[in-house]
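Take a look at the letters that make up each chain.
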Amino acid sequence: MRPSPAAANAVFRAIADPTRRVILDRLRAAPANAGALAADFHTSRPAISKHLRVLREAKLVIDTPVGRERLYSVNPVPLQSVAGWLEGYRAFWQTSLDQLKRNLEGT
């Protein structure tokens, strides 16, 4: 089942920000709470919380209540829409490079 265009757009918007990509990379290594994530950046905890909200809305992170805190972890499923979109370009570039190689070898 393909994600809706709105869901795919939310994923692209979420990963367009470099801070959010770093947060995803950090969470890929291990789940963390907002405080631990904020410690990795030169920004405020409220700013990190806003980034986490965007990632949650795009369903790229899952937050699990643990006591009084929330533990964030990566949900890779929505990234399939990005991978699918990029795959079309990978095929395009491979075809283009194959044509370039044939042209250069034919000279």
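Residues numbered from 1 in each chain as written. Predicted model: local features only at pLDDT ≥ 70, side-chain atom pairs only at ≥ 80, totals over all residues. Heavy atoms only, no water.

**Focus: helix α2 (residues 18-29)**
With twelve residues, α2 extends 17 Å between its outermost C-alpha atoms, agreeing within 8% with the 16 Å of an ideal straight helix rising 1.5 Å per residue. Looking only at α2, the buried set comprises R20, I23, L24 and L27. Taken down its axis, α2 places every buried residue within 100 degrees of arc, on the same side. In α2, the exposed residues that point more than 90 degrees away from the buried face are R28 and A29. (Helix = DSSP H or I, 4+ residues; strand = E, 2+ residues; numbered from the N terminus. Expected span 1.5 Å × (residues − 1). Buried < 20%, exposed > 50% of the residue type's maximum accessible area, 1.4 Å probe, protein only. Arc of directions from axis to C-beta.)

**Some words on the packing of aromatic side chains**
Counting across every chain of the model gives three aromatic pairs. Ring centres of F12 and W85 lie 5.4 Å apart, and the angle between their planes is 80 degrees; this geometry places the pair in the edge-to-face category. Linking F12 in helix α1 (residues 5-16) with W85 in helix α5 (residues 79-105), this pair joins segments that are 73 residues apart in sequence. On the basis of relative accessible area, F12 is assigned to the partly exposed category, the value being 28%. Judged by centre distance (5.4 Å) and plane angle (75 degrees), the rings of F92 and W93 are edge-to-face. According to the relative accessible area criterion, F92 is partly exposed, its value standing at 47%. Among the aromatic residues, ring-to-ring pairing joins F12, W85 and Y89 into one connected group. (Phe/Tyr/Trp six-rings, centres within 6.5 Å; stacked < 30°, edge-to-face > 60°.)

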